[in-house]
Each structure stands twice: as structure tokens, then as C-alpha cells.
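This is what each chain is made of:
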Amino acid sequence: MYKLSTKILSLAMSAVLAVTGFSYTLVAQAKTTAELQSEKQKIQSEINEAQSKIDALSGEKAETQEYLDALSQKINLLQDKIDNLESDKASLQAEINSIQVSIDQTVDEIETAQEQIDEKQDIFDGLYDLYCERLRAMYVSGSVSSLEVIMTCPDMSSMLTRSQMIKSVSEKDSAALDELITMMEEIEAQKQALEVKRSELNQAKEDLEADKSKLQASINEISTSKSELDSQAAEANALMKKLSSQTSEYMELIETNREELQAVQNEINAAISNQGSRGGGSYNGSSGSGSGQLSYPTDYRTISAGYPNYASGAYHGGVDFPCPSGSNVYAAGSGKVILVKYLNYSYGYHVVIDHGDGLSTLYAHNSAIHVSVGQTVSQGQVIASSGSTGNSTGPHCHFEVRVNGNRVNPLSYL
């Protein structure tokens, strides 16, 4: 029984040590959260400055390029704020998941340790009862002292035997009492350790609820910011269309779904990359300024927006040729059609042609497409009809030239 109690003690102590080792690491996460909070405050300050500029331009200047630029600046900042909030949201969610896993593990460890302590308590209770019975028996027979027991022995041999028995019994009782006291102290120590750990567990649960509240606040702020972003983008796009009708500079409308726009670029790059790995078409020319190695994609040569910027300074990855909807769009060179997409956002209806040697061209915002993926086309062949699909403020052909997937100045090839 004593060996069993020692084994139970060892198991119980191991369980308690495992429990007392409970902790959830938030140090690295906390620093990231602090950095995100600092970044968010900086962005919000810039948003406030942009709004002040917008307010100052309201009224007579509300339909000017300057006002549009201020709106665009705020829109970009709002998108940065949303990205920041999304990162904070992801960080908080990871933090919550980590705490929850630790809590679950600790609950299991506490339950296991408690079961082992209970089992050890049962053993202690059994030993204690036996010890008490022994004391009661000694008390009942206590009228005869040890000396009397020895002196009543009929001979020396019996006396020595009884003396040894009394000594043995006394030592056994003393050892049993020592073990009971030690076991009782260990059980109490383990119970106290579990109480401390339960307190830590309760604190972890409070931290978890606090993080959940922060997460919900972040989700709410993302929703509010997206609503504000959409409202500002709608105002900017309406003004952009009005300004475009006055200047004939057909611009790409502001779109607020960055992930969606990135997915479009990823698909184009993947199509170009896949074609390059298999070997391209027949184009083998080299680039040069106005080299004439590619032909114009439309019969209209007027350029409303060049590469790499609009008149406002905003990035523009190609060249725009204004033309009536339904005008012919031609392949700028011989090659193979590697992508055809029909979108109601971004490039709208667009075509990508691979010309070999890493050179490809893109034709966007068409009203109709007359070729399919895998088709070989010749230079000057009609591949689409111009239009204003996707994020466009008016009918035009948006033309891009890419070398190994990277946008370059189309005018260097026309």
C-alpha cells in the first residue's frame, strides 16, 4: 500500500507540475498589436487631414480635379485603414485561438490532477483509519504497561521476545504516523497549487473575453470604414465621370475591393507565366522607342491617358485610345490568345495575347470579344469591339504591353 501511495504521489506531482507550467504566450502578439495600433492612429490622423481639405474645397470647387484628388487621397487612406484593421483582426483572432487552446489543455490537466489527488486522498483516508484502529486497540489494552508485559514473562526468552515485539510495534506506528503527516502535507500543497492554477485559468478566461470584445470592436470598425469608403468612392466616381466627359480623359473608376483587383492581376501573370514556360508565339522583335514593331490596336490614334500616369498623377499601366463603342480592336502583333475574361469590374471584357520572347499585350474595357483562348491570331486581326466595360468612365481601348509580365510603356513599341 505504501508503494502504491508513493506511485500515486509521483503521478499527482507530475500532473501538478504540468498544470503549474500553464501559460499562454502573448508577448510577440502584443508587440504586433501595439504597432498596428500606432499605425492606425497615424492613418486616422492623415484621414482627418484629408477630410479637412475636402471640407475646405466643398462648394465652388466641389467639381474640380483638386477636389477629386482630395477624395482619392482619403479613399486610399481608408483602404490603408481597413487593411490595418484586417491585420489587427487576424492578430486578435490568432491570440484568441492560442488562449483557447491553452485553456482547454489546462482544464484537462486540472481535471486529471484532481482525479489523482482524490485517489491519493482515498489511500490516505484508508491508512488513517487503520492507524486510528491501532491506537484505539492500544488504548483499550492500555491498562497494562510495556514494563508489566515484560515483567510478567515466565522466562528470559519470553521477555526478550516481547520486548522486541513492543519495540517493533512502536517503530511501525511512528513510521506510519510520519507517512500520514507527509502525505497530508503533500495533498494540501497540491490542492493549493491547483487553486492558484484555477485562479490563473480564470484570469485567462477574462483575457479571452476581453480579446473577443476587441475583436468585435475591430469588426464593427471595419464595417463602418467600408461603408465610408464605398460612399466616398461613389462620390469620386460620379465626379470622375463628369470630369471625363469634359476632358475626354477616360479614367478607371475607383474600386474598393483590393483583393478582387489583385486576383485579376494574378490571373494575367499566371497566364503569361504558363505560356512562357511552354514557349511563346512568333514575335521575336526587340524593344525600342517608337520602334513600330507593334501596330496600333485601334483606328483612333488620339491618346487620352498615357503611361504611366493620368493627368492627375494617378498610376496608369497602359495607354488609352478613346473611340466609339463597337469600334474594331486589332491584335497589335501576331501571337496566341492566352486569356479571355468577361468581368463587370476592373478591366471588364479583356484579352491577353502572347507574342513570344516574354512579350504580351492586353486589350481592356471591350464591349465584345471575337477570339478565344488558344487561338492563333495575326497582326491587325480584329479581336474585339471597343466599349466601356469594367471600371471605365467612357468608351475607349485600354492597351498594355508587358515584358515578362511587367507593364512597360506601349509607345516604345508602336
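Residues numbered from 1 in each chain as written. Predicted model: local features only at pLDDT ≥ 70, side-chain atom pairs only at ≥ 80, totals over all residues. Heavy atoms only, no water.

Caption draft 1: Quick peek at the overall build of the protein chain. When helices and strands are counted, the protein chain shows six helices and ten strands. When burial is assessed residue by residue, the protein chain has 38% of its 414 residues classed as buried. Of the contacts made within the protein chain by residues no fewer than 6 positions apart, 72% connect residues no fewer than 24 positions apart. As displayed, the protein chain has an accessible area near 21600 Å², and 51% of this comes from carbon and sulfur atoms. (Helix = DSSP H or I, 4+ residues; strand = E, 2+ residues; numbered from the N terminus. Buried < 20%, exposed > 50% of the residue type's maximum accessible area, 1.4 Å probe, protein only. Contact = heavy atoms within 4.5 Å. Areas by Shrake-Rupley, 256 points an atom, 1.4 Å probe, with all protein chains shown as cover.)

Caption draft 2: Just the pattern of salt bridges, in detail. Under the counting rule described, the total for this entry stands at 15 salt bridges. Note that Lys242 and Glu63 form a salt bridge whose closest N and O atoms lie 2.7 Å from each other. With Lys242 in helix α5 (residues 156-247) and Glu63 in the loop between α2 (27-57) and α3 (65-140), the pair connects residues that are 179 residues apart, well separated along the chain. For Glu63, a relative accessible area of 47% corresponds to the partly exposed category. Where Asp83 meets Arg258, a salt bridge forms, and the shortest distance between an N and an O atom there is 2.5 Å. Of the two residues, Asp83 is situated in helix α3 and Arg258 in helix α6 (residues 258-278); the sequence distance between them amounts to 175 residues. (Salt bridge = Lys/Arg side-chain N within 4 Å of Asp/Glu carboxyl O.)

Caption draft 3: A negative patch on the surface, seen in detail. Among the surface-exposed residues, Asp104, Asp108, Glu111, Glu115, Asp118, Glu119, Asp122, Asp125, Asp129 and Glu133 lie close enough to one another that they form a single negatively charged patch. Secondary-structure assignment places Asp122 in helix α3. (Patch = residues over 30% accessible without salt bridge, like charges linked within 9 Å, V, L, I, M, F, W, Y side chains within 5 Å. Lys, Arg positive; Asp, Glu negative; His and termini not counted. Charge placed at Lys NZ, Arg CZ, Asp CG, Glu CD.)

Caption draft 4: Layout of the nonpolar core. If you look at the biggest cluster of nonpolar residues, it comprises 24 residues, and the most contacted ones within it are Tyr67, Leu68, Ile75, Ala236, Met240 and Ile254. Residue assignment for this core shows that the elements contributing at least two residues are α2, α3 and α5. The leading source of residues in this core is α3, at eight residues. (Core = buried A, V, L, I, M, F, W, Y, C linked by side-chain atoms within 4.5 Å.)

Caption draft 5: Examining the environment of Ile43 more closely. Following the sequence through the fold, Ile43 ends up in helix α2. Considered as a pair, Ile43 and Lys81 are 38 residues apart in the sequence and their alpha carbons are 6.3 Å apart. Apart from residues no more than four positions distant in its own chain, Ile43 is found in contact with Leu77, Asp80, Lys81 and Asn84.

Caption draft 6: Quick peek at the confidence of the model for the protein chain. Of all residues in the protein chain, 78% attain a pLDDT of 70 or more, and the chain-wide mean is 81. Low pLDDT (under 50) marks residues 1-30, which in the prediction has 53 contacts with non-local residues, meaning those over four places away or in another chain. A low-confidence stretch, residues 280-289 (pLDDT under 50), is modelled with 24 contacts involving residues beyond four sequence positions or located in other chains. (pLDDT = per-residue confidence, 0-100.)

Caption draft 7: Here's a closer look at the side chain of Asp211. Within the secondary structure, Asp211 is located in helix α5. For the buried Asp211, no salt bridge exists, and the shortest N-O distance to an oppositely charged side chain is 4.1 Å, to Lys214. Discounting residues that sit within four places of it in the chain, Asp211 has contacts with Leu92, Glu95, Ile96 and Ile99.

Caption draft 8: Expanded view of the packing of aromatic side chains. Per the stated rule, a full pass over the model turns up three aromatic pairs. Arranged with centres 4.9 Å apart and planes meeting at 75°, the rings of Tyr342 and Tyr349 form a pair that is edge-to-face. Given the relative accessible area of 26%, Tyr349 is considered partly exposed. One residue, Arg301, lies across the ring of Tyr296, its end atom 4.1 Å from the ring centre. (Phe/Tyr/Trp six-rings, centres within 6.5 Å; stacked < 30°, edge-to-face > 60°. Lys NZ or Arg CZ within 6 Å of the ring centre and 35° of its normal.)

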